[in-house]
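So you can see what is in the structure, the chains are spelled out below.
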Amino acid sequence: MKEYNFDIAVIGGGPSGVCAAVSAARSGAKVLIVEQYGVLGGMSTMGQVAPWMTFHDMQGVQVVRGLGQEIVDRLTARGMCRGHVRDTMGETYSVTPFDNEGLKLVLAEMCREEGITLLFHTFVFGAETEDRRIKYLRAANKNGEVRIRAKVYIDGSGDGDIFAMTGCSYEKGREGDHLMMPCTTNFSMYNVDFVKIRDFMLAHPEDFHDKTDMTAMRETGALPDCVSGFFEEWKRGQEELDMHILRERILFFRGVRDDIATVNTTRLTEVDCTDADSMSNAEVELRKQVCQVAELLKKYVPGFEKAEILGIAPIVGIREGRRLAGEYVLTGDDLRAAKRFDDEIAVYGYPIDQHHPDGAGFTQSTIPAYGIPYRTLVPKEIDNLLVTGRCISCDREAQSSLRTTPGVMAIGEAAGAAAAEAAEKNIPVRNVDIPVLQALLRSRGAYLD
Ligand SMILES: Cc1cc2nc3c(=O)[nH]c(=O)nc-3n(C[C@H](O)[C@H](O)[C@H](O)COP(=O)(O)OP(=O)(O)OC[C@H]3O[C@@H](n4cnc5c(N)ncnc54)[C@H](O)[C@@H]3O)c2cc1C
């Protein structure tokens, strides 16, 4: 049976997994990424999620820097990102429009530069553990079953596959019925007339999210980057087209090109991302919804008359899966209190943003910048596993904030550096020297102030 032997094995090549891998490699570790699909980027590529939200706190302080900013700079240098721009929807300080296709290239390039081995088309499905350690992971691909051996493993699967299969404690969904946030299949359209959209917004402000900032559009003629609303058109279109999507508004974003919109409006509740039958049904239902939403946009929304679908995310977008119950559980109360920690490895400031699991709408509240402690990456039961990304140890409110991309990039950068230290010193991940780790992250540009 084919075996892979590395210092660090990162399972999942999403934004968090890739940042973890690059960070570990820059610390001198020999790194493998195991990814079930054929591209890096996770939800930012396969899920067609854009723009990134948000590198800043509400006061305008850039709290995610380091590797996340390096990725933005690399994309921007190629015309594949417009950098950080103000959020015209008013929910965050900034958003960062980028090109999903460009990201595939940039992440692969960064991994190549660091000598990271990429094992694509390979799904990790099982683990052998002994004495609180993972001995090896079991994966399957065209070669049949393969084994992944590493000194330290990083669970970057987003859904917590690795901590679940190694017997770590975790939570899933809300208390009682375990329902999670709804799923969405994003898609993009071209030939969108954002000038017409801007003019309509200025003429009908009541038809948009109440925090929408019209100032720049009115005073300088700027085009909107984030559009949340068209309440009337959505309501009328749903009724007349006999659509039943559990959403009360249209949400879309201007892309890197001015005529491209990323549409985040489909929505399916009661999907379980840890169940293949549930996910298969979601793929079919949500793709049906994509066609319905596109038809509604063309018929009812000014600016979309001549628009056509450019791309549909090949996989359903998952907001929430398992959450590790690790050494510390970060809570919504911690976020509201702007709690900071002695062992914090990242700072973040995206709002608490919970899409309701069983109906339309969402609950969103602005919060100050907060710290993410190292202990949220550390499982209680396994000594050579770290967790990164949207499945770290937190409650549902905290997850609804830290899950967005800049946050998981910062967490990944820390996870990779910590894993490299644990591998080099052959110590349990919980014994990583925190001040040394923090100094290293600062020297690489991270914001931990
Ligand atoms: C509809 C939607 C809209 C969003 N909107 C925004 C937004 O506007 N701005 C923003 O910044 N964020 C947004 N987010 C959040 C953000 O996209 C995700 O939370 C973020 O990508 C999480 O990163 P991650 O690396 O933890 O996980 P993921 O991006 O999910 O990556 C996980 C990776 O692991 C791989 N994997 C999983 N299991 C296995 C396995 N067993 N074996 C091998 N590989 C595996 C997957 O294929 C994937 O590549 C949105 C999310 C969704 C779903």
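Just so it is clear, the structure is predicted and the values come from calculations on it, not from any experiment. (Residues numbered from 1 in each chain as written. Predicted model: local features only at pLDDT ≥ 70, side-chain atom pairs only at ≥ 80, totals over all residues. Heavy atoms only, no water.)

Outline the site of the ligand, supporting the account with residue identities and numerical values.
The immediate surroundings of the ligand are formed by 35 residues, with Glu35, Met43, Pro51, Asp161 and Arg403 found nearest. Between an oxygen atom of the ligand and a main-chain N or O atom of Pro15, the distance comes to 3.5 Å. Pro51 places a main-chain nitrogen or oxygen 2.8 Å from a nitrogen atom of the ligand. With the chains in place, 97% of the 1000 Å² that the ligand exposes on its own is no longer accessible. Every element with two or more residues in the shell around the ligand is listed here: helix 1 (15–26), strand 6 (123–130) and helix 11 (405–425). No other element matches the three residues that helix 11 contributes to the shell around the ligand. Within the shell around the ligand, the residues separate by chemical class into 14 nonpolar, 16 polar and five charged. (Near = heavy atom within 4 Å. Polar contact = N/O pair within 3.5 Å; in protein donor to acceptor, adjacent residues only side chain to side chain. Areas by Shrake-Rupley, 256 points an atom, 1.4 Å probe, with all protein chains shown as cover. Helix = DSSP H or I, 4+ residues; strand = E, 2+ residues; numbered from the N terminus. Nonpolar A, V, L, I, M, F, W, Y, C, P; charged D, E, K, R; others polar.)

Before we move on, could you go through helix 12 (residues 434–443) and cite the residues and values that matter?
Every buried residue of helix 12 is accounted for by Ile434, Leu437, Gln438 and Leu441. The arc that holds the buried residues of helix 12, viewed along the axis, is 95 degrees, so those residues lie on one side. Structural note: helix 12 exposes Pro435 and Ser443 on the side pointing more than 90 degrees away from its buried face. Taken together, the buried residues of helix 12 touch strand 16 (344–348) and helix 11. Looking one or two residues beyond helix 12, the residue adopting positive phi is Gly445, at roughly 105 degrees. (Buried < 20%, exposed > 50% of the residue type's maximum accessible area, 1.4 Å probe, protein only. Arc of directions from axis to C-beta. Contact = heavy atoms within 4.5 Å.)

I'd like a description of the pattern of salt bridges, backed by residues and values.
Opposite charge on two side chains lets them pair, provided their charged atoms get close. Taken as a whole and judged by the stated rule, the model has 39 salt bridges. Residue Arg174 is joined to Asp177 by a salt bridge in which the shortest nitrogen-to-oxygen separation is 2.8 Å. Given the relative accessible area of 39%, Asp177 is considered partly exposed. Linking Arg236 and Glu240 is a salt bridge whose minimum nitrogen-to-oxygen distance equals 3.8 Å. Of this pair, Arg236 and Glu240 both sit in helix 7 (residues 231–240), separated by four residues, roughly a single helical turn. Residue class for Glu240 comes out exposed when judged on its relative accessible area of 51%. When salt bridges with common partners are traced through the structure, they connect Arg26, Glu70, Arg74, Arg78, Glu109, Glu113 and Glu114 into a single cluster. (Salt bridge = Lys/Arg side-chain N within 4 Å of Asp/Glu carboxyl O.)

Let's hear about the domain arrangement of the protein: which residues, and what values?
Taken domain by domain, the protein holds domain 1 (2–83 + 97–179 + 320–443) and domain 2 (187–312). Between domain 1 and domain 2, the buried area comes to about 1700 Å², and carbon and sulfur atoms account for 53% of it. On inspection of domain 1 and its partner domain 2, the count reaches two salt bridges. As a salt-bridge pair, Asp225 and Arg82 come within 2.5 Å of each other at their nearest N and O atoms. Taken together, domain 1 and domain 2 are joined by eight residue pairs in polar contact (both at pLDDT 80 or more). Here the side of domain 1 that touches domain 2 is built from residues that sort into eleven nonpolar, nine polar and seven charged. (Domains from an automatic or database assignment. Buried area = accessible area lost by both parts, 1.4 Å probe.)

Give a description of the packing of aromatic side chains that names residues and reports values.
Scanning the entire structure with this criterion turns up nine aromatic pairs. Note on Phe200 and Phe208: the rings are 6.3 Å apart at their centroids and 75 degrees apart in plane angle, and the pair reads as edge-to-face. As far as burial versus exposure is concerned, Phe200 and Phe208 are alike and both buried. Here the aromatic rings of Phe200 and Phe230 are separated by 5.4 Å at their centres, their planes lie at 25 degrees, and the arrangement is stacked. A residue pair is termed long-range when its members are at least 10 positions apart, and Phe200 in helix 5 (residues 194–203) and Phe230 in the loop between strand 11 (226–229) and helix 7 qualify at 30 residues. Each member of the pair Phe200 and Phe230 is classed as buried. The lysine or arginine in question, Lys30, covers the ring of Phe6, its NZ or CZ lying 5.0 Å from the ring centre. Seen from the ring of Tyr93, Arg86 lies directly overhead, with NZ or CZ sitting 3.9 Å from the centre. (Phe/Tyr/Trp six-rings, centres within 6.5 Å; stacked < 30°, edge-to-face > 60°. Lys NZ or Arg CZ within 6 Å of the ring centre and 35° of its normal.)

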